Amino acid sequence: MTESTTAELLSGMFGLHGKTAVVTGASSGLGLGFATTLAAAGATVVAAARRLDRLEQLAADNPTIIPVQCDVTSDTDRQALIERAFKVTGTVDILINNAGMPGPPDAEQETAEGFSSLLDLNLAAGFHLSTALTRRLDEGASTSIINISSVIGLVSTAPIGGASYAASKAGTLGMTRELAGQWGRRGIRVNAVVPGWFDTDMTDGLFANEKSAGWVRRNTMLGRGGQPGEVNGAIVFLASDASSYVTGQTLVVDGGWTAR
Ligand SMILES: NC(=O)c1ccc[n+]([C@@H]2O[C@H](COP(=O)([O-])OP(=O)(O)OC[C@H]3O[C@@H](n4cnc5c(N)ncnc54)[C@H](OP(=O)(O)O)[C@@H]3O)[C@@H](O)[C@H]2O)c1
């Protein structure tokens, strides 16, 4: 096979030219990597988060990234985000529900209000954004929705993690399967990605502290935390035609943390 044939084959499978993607939580950490990678693969990316200055900085370096300020827990903001994304090409091909926050690690420190608001952000916001999108899609649209869960949605990582966070991330997996079941015959695919431990604002301090960094290394089959960019391949796979027959699945990218 010649070099150009290989490049054409890969671009046909994994390329995202002409596609519009929405990425929430694109102002930092994993979401920032998802937005730049999808843009590099050819998509126009509508990047959403509350910190507009960060999104504008991202867009300044990436002409195919469109910054949109959005609090995903606000219905008004969610509707405006979807409207803005539809203006690009008249449809949305990829939605990545990535915005999220950690909760308190100690169950007895969780308040009723805090528990509910974490579920609102980490679980319900992605659901409402997904339905706001699918209600607008034309028949035959082959949209891919990717929900970002966590290893804490699959196994307990106590004393790190927390009950509200675990509930939100386990709920994300159930929601993913259910939406895949409801929407599969329309051609809409819904999958979840489960990252292991990555050094971001959310895991602030985990890798800086030798005790917790050692705990990550010891309990991960590959003997290390995730490097920046190591979830991006899973995202491109699930966003692209390479995964056209994959739906309702959980793709774990955790260096073997949950396979012990
Ligand atoms: N890092 C890890 O080890 C790890 C492991 C498993 C799963 N995850 C998951 O990966 C996702 C990204 O986390 P991260 O590690 O990249 O952390 P991060 O750097 O703190 O990013 C969180 C993102 O969510 C956005 N966000 C928070 N609240 C929001 C709201 N109300 N509306 C809109 N955006 C909001 C933040 O943007 P603004 O503050 O600008 O709004 C930020 O862009 C989360 O769902 C997290 O649970 C992370």
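Structure: above.
Residues numbered from 1 in each chain as written. Predicted model: local features only at pLDDT ≥ 70, side-chain atom pairs only at ≥ 80, totals over all residues. Heavy atoms only, no water.

### Observations concerning the overall build of the protein
Move 1: A tally of regular secondary structure across the protein gives eight helices and seven strands.
Move 2: For 260 residues, the compact-globule formula gives about 18 Å, and the C-alpha radius of gyration of the protein, at 18 Å, lands near that figure.
Move 3: If you line up the protein on its principal axes, its C-alpha atoms span 50 × 50 × 40 Å.
Move 4: Looking at the protein alone, contacts between residues at least 24 apart form 70% of all its contacts between residues at least 6 apart.
Move 5: As displayed, the protein offers around 12500 Å² of accessible surface, 52% of which is attributable to carbon and sulfur atoms. (Helix = DSSP H or I, 4+ residues; strand = E, 2+ residues; numbered from the N terminus. Rg over C-alpha atoms; globule rule 2.2 N^0.38 Å. Contact = heavy atoms within 4.5 Å. Areas by Shrake-Rupley, 256 points an atom, 1.4 Å probe, with all protein chains shown as cover.)

### Some words on the pattern of salt bridges
Move 1: If you walk through the whole model with that rule in mind, you get five salt bridges.
Move 2: We note a salt bridge from arginine 136 to glutamate 83, for which the minimum N-O separation is 2.6 Å. Here arginine 136 is found in the loop between α5 (112-134) and β5 (144-148), whereas its partner glutamate 83 is found in helix α4 (residues 75-89), with 53 residues between them in sequence.
Move 3: Classification of arginine 136 by relative accessible area gives partly exposed; the value is 33%.
Move 4: Between glutamate 210 and arginine 217 there is a salt bridge whose closest N-O contact spans 2.5 Å. (Salt bridge = Lys/Arg side-chain N within 4 Å of Asp/Glu carboxyl O. Buried < 20%, exposed > 50% of the residue type's maximum accessible area, 1.4 Å probe, protein only.)

### Focus: helix α2 (residues 29-40)
Move 1: Relative to the 16 Å expected for twelve residues at 1.5 Å per residue, α2 spans 17 Å between its end C-alpha atoms, a close match to the ideal helical length.
Move 2: Looking at α2, one finds that the buried residues are Gly31, Gly33, Phe34, Ala35, Leu38 and Ala39.
Move 3: Following α2 by one or two positions, glycine 42 has its phi on the positive side, about 115°. (Expected span 1.5 Å × (residues − 1).)

### Notes on the site of the ligand
Move 1: Of all residues adjacent to the ligand, which total 29 residues, the nearest are Leu30, Arg50, Tyr165, Phe198 and Thr200.
Move 2: In the environment of the ligand, an oxygen atom lies 2.7 Å from a nitrogen or oxygen atom belonging to the side chain of arginine 50.
Move 3: At a separation of 2.7 Å, an oxygen atom of the ligand approaches a polar backbone atom of phenylalanine 198.
Move 4: Look at the ligand: alone it shows 880 Å² of surface, and the protein chains cover 95% of it.
Move 5: Elements with a contribution of two residues or more to the shell around the ligand: α2 and α6 (163-183).
Move 6: Taken together, the residues of the shell around the ligand sort by class into 13 nonpolar, eleven polar and five charged. (Near = heavy atom within 4 Å. Polar contact = N/O pair within 3.5 Å; in protein donor to acceptor, adjacent residues only side chain to side chain. Nonpolar A, V, L, I, M, F, W, Y, C, P; charged D, E, K, R; others polar.)

### Thoughts on unusual backbone geometry
Move 1: Along the chain, alanine 158 connects to proline 159 via a cis peptide bond; the corresponding omega equals 15°.
Move 2: Relative to the elements of secondary structure, proline 159 occurs in the loop between β5 and α6.

### Things to note about the pairing of strand β1 (residues 20-24)
Move 1: Counting buried positions over the five residues of β1 gives five, a clear majority of the element.
Move 2: Burial along β1 is two-sided: Thr20, Val22 and Thr24 facing one way and Ala21 and Val23 facing the other are all buried.
Move 3: Direction of pairing for β1 relative to strand β2 (residues 44-49): parallel, over a ladder of five bridges. Within β2, the position partnered with threonine 20 by the bridge is threonine 44.
Move 4: One crossover worth recording links β1 to the parallel β2 by way of α2, and it is right-handed.
Move 5: Relative to strand β4 (residues 94-97), β1 runs parallel, the two sharing three bridges. Within the sheet, the bridge partner assigned to valine 23 lies in β4 and is isoleucine 96. (Pairing = 2+ DSSP bridges. Right-handed = clockwise from strand over helix to strand, strands pointing away.)

### Side note on α6
Move 1: Between its terminal C-alpha atoms α6 stretches 30 Å, which fits the 30 Å expected from 21 residues at 1.5 Å a residue.
Move 2: Within α6, burial applies to Ser164, Tyr165, Ser168, Lys169, Thr172, Leu173, Met175, Thr176, Leu179, Ala180 and Trp183.
Move 3: Looking at the buried positions of α6, the neighbouring elements they touch are α5, β5, β6 (189-195) and β7 (250-253).

### Regarding the packing of aromatic side chains
Move 1: Scanning all chains against the criterion turns up three aromatic pairs.
Move 2: Considering the side-chain rings of tryptophan 197 and tryptophan 257, the 5.4 Å spacing of their centres and the 70° angle between planes classify their relative orientation as edge-to-face. Here tryptophan 197 is found in the loop between β6 and α7 (210-219), whereas its partner tryptophan 257 is found in the segment after β7, with 60 residues between them in sequence.
Move 3: With relative accessibility at 8%, the residue tryptophan 197 sits in the buried group.
Move 4: Taking the relative accessible area as the measure of exposure, tryptophan 257 reaches 3% and is therefore buried.
Move 5: With a centroid separation of 5.1 Å and 70° between ring planes, the pair formed by tryptophan 215 and tryptophan 257 is classed as edge-to-face. (Phe/Tyr/Trp six-rings, centres within 6.5 Å; stacked < 30°, edge-to-face > 60°.)

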